[in-house]
Amino acid sequence: MNVGRTQRARPPQPLTLKILVAGGFGVGKTTLVGSVSEIRPLRTEETLTEAGRPVDDLTGLTDKRTTTVAMDFGRITLREDLVLYLFGTPGQQRFWFMWDELAEGALGAVVLADTRRLADCFAAVDYFEQRSIPFVVAVNRFDGAPRHAASEVRAALDLDAEVPLLLCDARDRESVKEVLVEVVARARTHVAARRGATV
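Here the structure is a predicted model, which is why all the values come from computation and not from measurement.

Brief notes about the environment of Pro146
Moving on, step 1. Mapped onto the fold, Pro146 is located in the loop between β6 (135-140) and α4 (150-157).
Moving on, step 2. A residue is classified by how much of its surface remains accessible, and Pro146, at 37% relative accessible area, is partly exposed.
Moving on, step 3. The sequence separation of Pro146 and Arg116 amounts to 30 residues, and the corresponding C-alpha distance is 6.8 Å.
Moving on, step 4. Among residues more than four places away in sequence, those in contact with Pro146 are Thr115 and Arg116.

Focus: the pairing of strand β5 (residues 108-113)
Moving on, step 1. Taken across its six residues, β5 has six buried, putting it largely inside the fold.
Moving on, step 2. Here β5 shows no split at all, with Gly108, Val110 and Leu112 on one side and Ala109, Val111 and Ala113 on the other all buried.
Moving on, step 3. As paired strands, strand β1 (residues 15-23) and β5 are joined by five bridges and run parallel to one another. Counterpart to Ile19 in the pairing with β5 is Gly108.
Moving on, step 4. Pairing analysis gives five bridges linking β5 to β6, with the strands arranged parallel. Each residue of the ladder has a partner; that of Val110, found in β6, is Val136.
Moving on, step 5. Running through helix α3 (residues 122-130), the crossover from β5 to the neighbouring parallel element β6 is right-handed.

Description of the environment of Ala150
Moving on, step 1. Looking at the element boundaries, Ala150 is found in helix α4.
Moving on, step 2. Among the residues examined, Ala150 registers a relative accessible area of 39% and is labelled partly exposed.
Moving on, step 3. Measuring from C-alpha to C-alpha, the distance between Ala150 and Val139 comes to 8.9 Å, with eleven residues separating the pair along the chain.

Considerations on the confidence of the model for the protein
Moving on, step 1. For the protein, per-residue confidence averages 83 on the pLDDT scale, and residues scoring 70 or more make up 77% of the total.
Moving on, step 2. Taken as a whole, residues 51-56 scores under 50 in pLDDT and shows six contacts with residues more than four places along the chain or in a different chain.

Structural notes on empty space enclosed by the protein
Moving on, step 1. In total, this model carries two cavities of 30 Å³ or more according to the counting rule given.
Moving on, step 2. Size it by volume and the largest cavity reaches roughly 70 Å³.
Moving on, step 3. Looking at the lining of the largest cavity residue by residue, the class counts come to six nonpolar, three polar and two charged.
Moving on, step 4. Taken as a whole, the second largest cavity encloses approximately 50 Å³ of empty space.
Moving on, step 5. If you go around the second largest cavity, the residues you meet are Gly24, Phe25, Val27, Leu112, Ala113, Asp114, Arg117, Leu118, Asp120 and Cys121.
Moving on, step 6. Split by residue class, the lining of the second largest cavity holds six nonpolar, one polar and three charged.

Scoring rules and cut-offs
- Residues numbered from 1 in each chain as written.
- Predicted model: local features only at pLDDT ≥ 70, side-chain atom pairs only at ≥ 80, totals over all residues.
- Heavy atoms only, no water.
- Helix = DSSP H or I, 4+ residues; strand = E, 2+ residues; numbered from the N terminus.
- Buried < 20%, exposed > 50% of the residue type's maximum accessible area, 1.4 Å probe, protein only.
- Contact = heavy atoms within 4.5 Å.
- Pairing = 2+ DSSP bridges.
- Right-handed = clockwise from strand over helix to strand, strands pointing away.
- pLDDT = per-residue confidence, 0-100.
- 1 Å grid on protein atoms, 1.4 Å probe; cavity = no way out; pocket = protein on both sides within 12 Å on 5 of 7 lines; lining within 4 Å.
- Points joined across faces, edges and corners; volume = space filled by probe spheres on them.
- Nonpolar A, V, L, I, M, F, W, Y, C, P; charged D, E, K, R; others polar.

Written out as structure tokens, the structure reads:
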């Protein structure tokens, strides 16, 4: 062994955070994960069938042909020292049993909302509030969807003042990155507050 040789220090391992992407059926969760992931996203989609028509509300979703039955998975490096693992939850109520598994170890979440079907994201908001998982609400701006002021959406969802509410386009990588940066900031604030409370 040559002790005189200067050994290169290994770069520090990046911090990895698990983030959930939740919301109602057809709100754009799969699209969001896919638009920002730097790896080929894992998708567990199945074709919608006639058997599901009485169960699945397709109002406003005339082009939807598939649905997530377990999860979506993607990864994005926000900074050299920060990597996010994104887990998209299934939106239909019959697959909600998956949420507890997916939420294990999650440090933050995005609740994606559609102004045409705003009530569909109530369950996700309630879920994260009850489990004290910090989250942000991102209104996915679908073409032709009604536009509402952020204050109106906040009031309709009965959000606490500290919950960030943003507008986004789930198809646009930069728009989604802005949402994810906000989630990380919210998670850090939440962790700092909890540490302060235990001191």
